[in-house]
Every structure is written in C-alpha cells, then in structure tokens.
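One-letter residues, chain by chain:
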Amino acid sequence: MAGQVAMDLRENSVFEDFIMADIRFDHAARRCEELGDPRFRPALADASDKQGLAKTLRGATVCINCAQYNYNTAVMGACLQAGAGYIDLGGLFHVTRKQKPMHGAFKEAGVPAVLGMGSTPGTMNVLARYGVDLLDTVERADALCAWVDEASVEGPFIPPYALRTMLEEMTEDAWAFEDGELRPFPAGSGGEIVRFPEPVGSVPVYLCLHSEPATWPVSWRDKGLAGCAFKIGMPPSLREKMAFLARLGFHRKEALDGVGAIPPVEYLERLIAQQACGAPQGATSSTLEVLRARVVGTRNGLRCTHNVDMLAQDHSRWKVSATTGTPPSIVSGYMGEGRIPPGVWAPEEVIDPVPYFEDLAKREMRVQVETLYEPIAYR
C-alpha cells in the first residue's frame, strides 16, 4: 500500500520532498530507486520506537502510516511529539476506538489526524456522508464491498491487502451497530445477496470486523442512525483460500509449542512477502472493485435508499489497484493546504464529498448514485 501511496504522491502531490521510512532500510531504498524520482529518499524507522520515529518525523508536514494497524497508536504518538499530521489506513474497529480519544491532545497541539483514510474505511466513509447529507433523517447506513478478481492461475498467491487483516476478518467477531447498540456477531454471518453494477453483479456479502461501525454511530447519531454494519463480498476462490488457511490455524498469533518462536500468521506473512518480491511482472491479479454506501432514511417526508457507489479498475498506468493508496495521498494534500482542522477525525467528519469525488475521478475512480423511493400507499 505504501507503494501505491508513493506512486500517487509522485504524480499529484503538493509537497516538495518525501521520506520512505521502513524498518528494512534496503526495502525503502529499493522502493525509492524504483520510483525514479529524486524527491523520494529512504530512511530507517521502527514504528515501535516512539522517540526515534518522532526524530525522523520532525519537520514533516504529514505522516501517512501504512504499517500494520496495531502500530497506529504508537505512530500517532510520534506524530504528536513531532508536530506532524497523521493519516492511516484503518484500525480494524478496536484500534480505531482507542485512537479517537486522542482528539483533545491533537487539537490542543494544533495537529490534524484522519483515521482510516484508505479505500474502506476511507472513501467508503465519504460515500456514506454524501448519502447521509441528502437525507433529513437516517435509519441505517451500511458499508458494502465487492470485487471481481481476474487472478492469474500461475505465479505466487499475492493477497489483495494485508494478509493478517484478511485472516482476522475471517475469524474474529464482527461488530455492528444494531437497534442503537454496538454488538458482536460471528464472522461470516448476516449474509445477503447484493446487486452491484455490472460486471460485478449479484454477490453474496457477509459481516466482518471493520472500522466503519466504530465511527458512524457517533458521526450521525443526531440524524437518528440506529444501525450500521460492514459486509464484504470476496471472489469465491479467494474466500475459499482464506477460509482454508484459517481452518489450518494460520490466523494464530501465538507460537506453537515445540515449533520455534514464530507464530503461524507471522510465518505465513514472511513466506508470502518473499514470494511477492520475486513475482514476475503480471503475476498479480486484475481487479474491478465496487464500494457501496447504502444509506436508508427519509427525505421530504418520503422513505428512500441512496446507493452511493465508487467503481474502479486497476490503474491504467500503474497496472495495480489504486483504491487504497490514492485516498491518503489526496488527503495529505488537503492537510498541506490547511483544509483539515486540528484534532483526530474520521473521514466522514472532515472530507467534503464533492471535491473529493472530483479528485478520485482524476485517478480513474468514478462515483455514481442510485436513489430508490419506497412506494406510497394511497387510500
């Protein structure tokens, strides 16, 4: 994801120079060389070393944190100490709820932070805000995600996003907001068939752990929001692979007795990372993704549903999906222009939908809205 962010920064950023920081300096240096842009320079950084990271960040306008979400609070602390703005790609619900209480400290320090500003969460939150803004009252808002994956049958298995996160989504309880209360539900429950735009078409989607229900109930409680959930529709072949890995126990985070010190999930991450580094060009999949914010409420006394969709294929020049890497790049520009106030914010709180959608369109992602009114029963 950091590579996606960097490609967009290279082409569209308002900033003059960039640091690619990684605990593996050679990895950061290779990334900078691949970008072929002298504005990018590598640096050694450890996300768990708050003082050292703060030193690296001192003088920076904004840090885009693409590390695994369990480092989010530590990186936020370093940003606060260094006076650098902060953006991440999500906290998988539980960490997001730990990050939001840092609002007061960031506001007092005059530092802006936007949580979960990737694809979903991120763009999804802004889609939902657009739908909510069209309504007088809101009954529920659901985040729905699906994609068509034209995977190559040859080459290594390369997950579309963080493997650990995918396994957690498959195995951990999904938290949803129902009847005005946050409650856990079994992962993979709550299935329904959703008809997305073609060629994605009708897809079964299921509950999984995600960050949207951590912030939406607070953001829209004044409009009466009583329910929200996140549901994902993986391509069948990918869902089968992830379910198989979970059944084997590769989601486990504790080392096995008598089998060394590496937990199964970490072993699998390292194995796949090595395969990905050696993968030939074109070994990754080609995707068509759709994000849908389904918002139900009333407008002018009529009950209606707004389906606010974002559709995107692999970027025509980069030849990879850009739906997660471009949003934080866009919002870093907003921070650089002073458009994000100090404090810790969810995307729906501070991102103006229409200008943001225009920026997405420049990056080959389009937004469309479908409004469905319920019929009126005449007497």
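Keep in mind the model is a prediction, meaning the values are calculated, not measured.

(A) Representation of the overall build of the protein within the structure. Scanning the protein for helices and strands turns up 14 helices and 15 strands. Taken over the C-alpha trace, the protein has a radius of gyration of 21 Å; the compact-globule value for 379 residues is 21 Å, and the two agree within 12%. When the backbone C-alpha atoms are referred to their principal axes, the protein occupies close to 75 × 50 × 40 Å. Across the 379 residues in the protein, those meeting the buried criterion constitute 49%.

(B) Molecular detail of the state of the cysteines. Throughout the structure, instances matching the rule amount to zero disulfides. The structure places no disulfide on Cys208, whose sulfur is separated from the nearest cysteine sulfur, that of Cys145, by 8.6 Å.

(C) Region of the structure containing a nonpolar patch on the surface. A contiguous nonpolar patch, built from Ile262, Tyr267 and Leu271 and spanning about 260 Å² of accessible area, is present on the exposed surface. Exposure remark for Tyr267: the relative accessible area of 46% places this residue in the partly exposed category.

(D) Region of the structure containing the sheet that holds strand S3 (residues 62-65). What the four strands build is an open sheet, ordered S3-S4-S5-S14; its pairing is parallel. Whereas interior strands pair on both sides, the edge strands pair on one side only; in this sheet they are S3 and strand S14 (343-345). Geometrically, the sheet is characterised by an average inter-axis angle of 10 degrees between neighbouring strands, direction not taken into account. For S3 and strand S4 (residues 85-88), the ladder comprises four bridges, and the chain directions are parallel. Looking at the pairing, Val62 lines up with Gly85 of S4.

(E) Up close: the pairing of S4. The alternating pattern of S4 places Gly85 and Ile87 on one face and Tyr86 and Asp88 on the opposite face, and all of these are buried. In the classification by handedness, the crossover that spans S3, the intervening helix H4 (residues 72-82) and the parallel S4 is right-handed. Strand direction decides the pairing type here: S4 and strand S5 (residues 112-114), joined by two bridges, are parallel. Paired with Tyr86 across the bridge in S5 is Ala113.

(F) Representation of the pattern of salt bridges within the structure. In this structure the tally under the stated criterion is 21 salt bridges. Among the salt bridges present, the one from Asp37 reaches Arg39, with a minimum N-O distance of 2.9 Å. When its relative accessible area of 24% is taken as the criterion, Arg39 is described as partly exposed. Where Arg270 meets Glu266, a salt bridge forms, and the shortest distance between an N and an O atom there is 2.6 Å. Here the residue Arg270 and the residue Glu266 both occupy positions in helix H11 (residues 264-277), the gap between them amounting to four residues, near one helical turn. A relative accessible area of 45% means that Arg270 is categorised as partly exposed. A relative accessible area of 25% means that Glu266 is categorised as partly exposed.

(G) A look at helix H1 (residues 2-12). By the burial criterion, the buried members of H1 are Gly3, Gln4, Val5, Ala6, Met7, Asp8 and Leu9. Those residues of H1 that are buried lie in contact with strand S1 (18-22), helix H2 (25-35), strand S2 (40-44), S3 and helix H12 (326-336).

(H) Geometry of the pairing of strand S11 (residues 227-233). Within S11, seven of the seven residues are buried, leaving the element largely enclosed by the surrounding structure. Taking every second residue as pointing to the same face, both faces of S11 are buried, with Gly227, Ala229, Lys231 and Gly233 on one and Cys228, Phe230 and Ile232 on the other. Judged from the two bridges that link them, strand S10 (residues 202-207) and S11 form a sheet pairing that is antiparallel. The residue bridging Leu207 from the neighbouring strand is Lys231, located in S11.

(I) Representation of the packing of helix H7 (residues 123-133) against helix H9 (residues 212-219) within the structure. Two elements in contact, H7 and H9, have axes whose closest approach is 11 Å; the angle formed by their N-to-C orientations is 25 degrees. Viewed along their axes, H7 and H9 adopt a mutual orientation that is roughly parallel. Read as a crossing pair, H7 and H9 show a hand that is right-handed. Counting all contacts with H7, which are made through Met124, Asn125 and Ala128, the residues of H9 involved are Glu212, Thr215 and Trp216.

Conventions and cut-offs
Residues numbered from 1 in each chain as written. Predicted model: local features only at pLDDT ≥ 70, side-chain atom pairs only at ≥ 80, totals over all residues. Heavy atoms only, no water. Helix = DSSP H or I, 4+ residues; strand = E, 2+ residues; numbered from the N terminus. Rg over C-alpha atoms; globule rule 2.2 N^0.38 Å. Buried < 20%, exposed > 50% of the residue type's maximum accessible area, 1.4 Å probe, protein only. Disulfide = S-S within 2.5 Å. Patch = residues over 30% accessible without salt bridge, like charges linked within 9 Å, V, L, I, M, F, W, Y side chains within 5 Å. Areas by Shrake-Rupley, 256 points an atom, 1.4 Å probe, with all protein chains shown as cover. Salt bridge = Lys/Arg side-chain N within 4 Å of Asp/Glu carboxyl O. Pairing = 2+ DSSP bridges. Axes fitted to C-alpha atoms, helices over the stretch in contact; angles between N-to-C directions. Right-handed = clockwise from strand over helix to strand, strands pointing away. Contact = heavy atoms within 4.5 Å. Parallel < 35°, antiparallel > 145°, perpendicular 65-115°, else oblique. Left-handed = near helix turned anticlockwise from the far one by under 90°.

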